[in-house]
Each structure stands twice: as structure tokens, then as C-alpha cells.
Amino acid sequence: MRQLLKLTVENKASDLHLTTDFTPCLRKDGDVVPLEGYGSVPGERLQEMSSPSRRGQPRQWLATRTTDFAFETEDARFRVNLFADLNGIGAVLRQIPTTVMAAEDMGLSRQS
């Protein structure tokens, strides 16, 4: 998982998409592209890598089969949505900035 998240940061991708029995994908410039050189992720491995019981959300996961939590590596922070779908388990990990941008940096207009 850490290797995939590191590739997400290195490729300046906004999201890492994981789905049972599919190749991991990155969202870059709005397009979802498969990570070359990676095979599909077995459901058991995805469950092991993303276990909500280790993330403090087991009740929500058991009740709704979806949960959200944050995860941080040495390179970045991620907002994680873990869910069950027809294929098994899926996850979308969105990279979130480690610094807060000023309104001017985001191009927002001044308050009137």
C-alpha cells in the first residue's frame, strides 16, 4: 500500500483507485489510468491492506459496508473512502495538501 501511495505522490496524481481483481489506477489530470507493471489486486489483499478494523471504523463498516478515514505517509496525507461493490472491496485514496493555501493562492476573489 505504501508503495502505491508513494507512486501516487511521485506521479502528481490526485487519487489512487483500488478495486478487487483490477489493476490499481491513478487519477491524473482528470483521467483514470492503470498503473503499468502492476497486476490486479486480489480481494483478500485489499481487505488486508485497508482493513477498517485497524482504522477505528469497524462498526460503520459492518453496518453500511462503507467507511471514511484519513491515512498519512511520510510523503503525504490521504482521505480514504473504503466501500463494498459488486466486485468486492474498493477504495479511493485522495491526496490532500499538507499545507493550507491562502485565498489569493487559490485565485479566490476578495470578500465584498
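As a starting point, this report considers the structure included with it.

Rules of the game
Every chain's residues receive numbers from 1 upward, in the order its sequence appears when written. In keeping with the model being predicted, local features are shown solely for residues with a pLDDT of at least 70 and side-chain atom pairs are shown and tallied solely at 80 or more, while totals for entire chains, interfaces and linings include all residues. The side-chain numbers reported here are obtained from all heavy atoms of the structure, hydrogens and water having been left aside. Note on conventions: DSSP H or I runs of at least 4 residues are helices, E runs of at least 2 residues are strands, and numbering of each starts at the N terminus. In this scheme, a residue with accessible area under 20% of its type's maximum is buried, one over 50% is exposed, and one in between is partly exposed, where area comes from a 1.4 Å probe on protein chains only. Two joining distances apply to patches: 9 Å for like charges and 5 Å for nonpolar side chains (Val, Leu, Ile, Met, Phe, Trp, Tyr), and every residue must have over 30% relative accessible area and no salt bridge. Accessibility throughout is a Shrake-Rupley quantity obtained with a 1.4 Å probe, and a residue counts as covered only by protein chains that appear here. A pairing counts as a salt bridge when a side-chain nitrogen of Lys or Arg comes within 4 Å of a carboxyl oxygen of Asp or Glu. Put simply, buried Ala, Val, Leu, Ile, Met, Phe, Trp, Tyr and Cys residues joined by side-chain atoms within 4.5 Å make one nonpolar core.

A few words on the side chain of His 17. When you line up the elements, His 17 lands in strand β1 (residues 15–19). Judged by relative accessible area, His 17 falls into the buried class, the value being 18%.

What follows covers a nonpolar patch on the surface. On the surface, a nonpolar cluster with roughly 310 Å² of combined accessible area is contributed by Met 101, Met 106 and Leu 108. Along the chain, the position of Met 101 falls in the segment after β6 (88–96). Given the relative accessible area of 43%, Met 101 is considered partly exposed.

Moving on to the nonpolar core. Counting residues in hydrophobic clusters, the biggest one holds 19 residues, and the most contacted among them are Leu 5, Leu 16, Leu 18, Leu 82 and Leu 93. Secondary structure elements with two or more residues in this core: α1 (2–10), β1, β4 (66–72), β5 (77–85) and β6.

With that out of the way, let us pick up the pattern of salt bridges. Applying the stated criterion across every chain, the model contains four salt bridges. A salt bridge links Asp 75 to Lys 6; the nearest nitrogen and oxygen atoms lie 3.7 Å apart. Residue Asp 75 is found in the loop between β4 and β5, and its partner Lys 6 is found in helix α1; the two are separated by 69 residues along the sequence. Exposure remark for Lys 6: the relative accessible area of 38% places this residue in the partly exposed category. Of the charged contacts, one joins Asp 15 and Arg 94 as a salt bridge, the two residues approaching to 2.7 Å between their closest N and O atoms.

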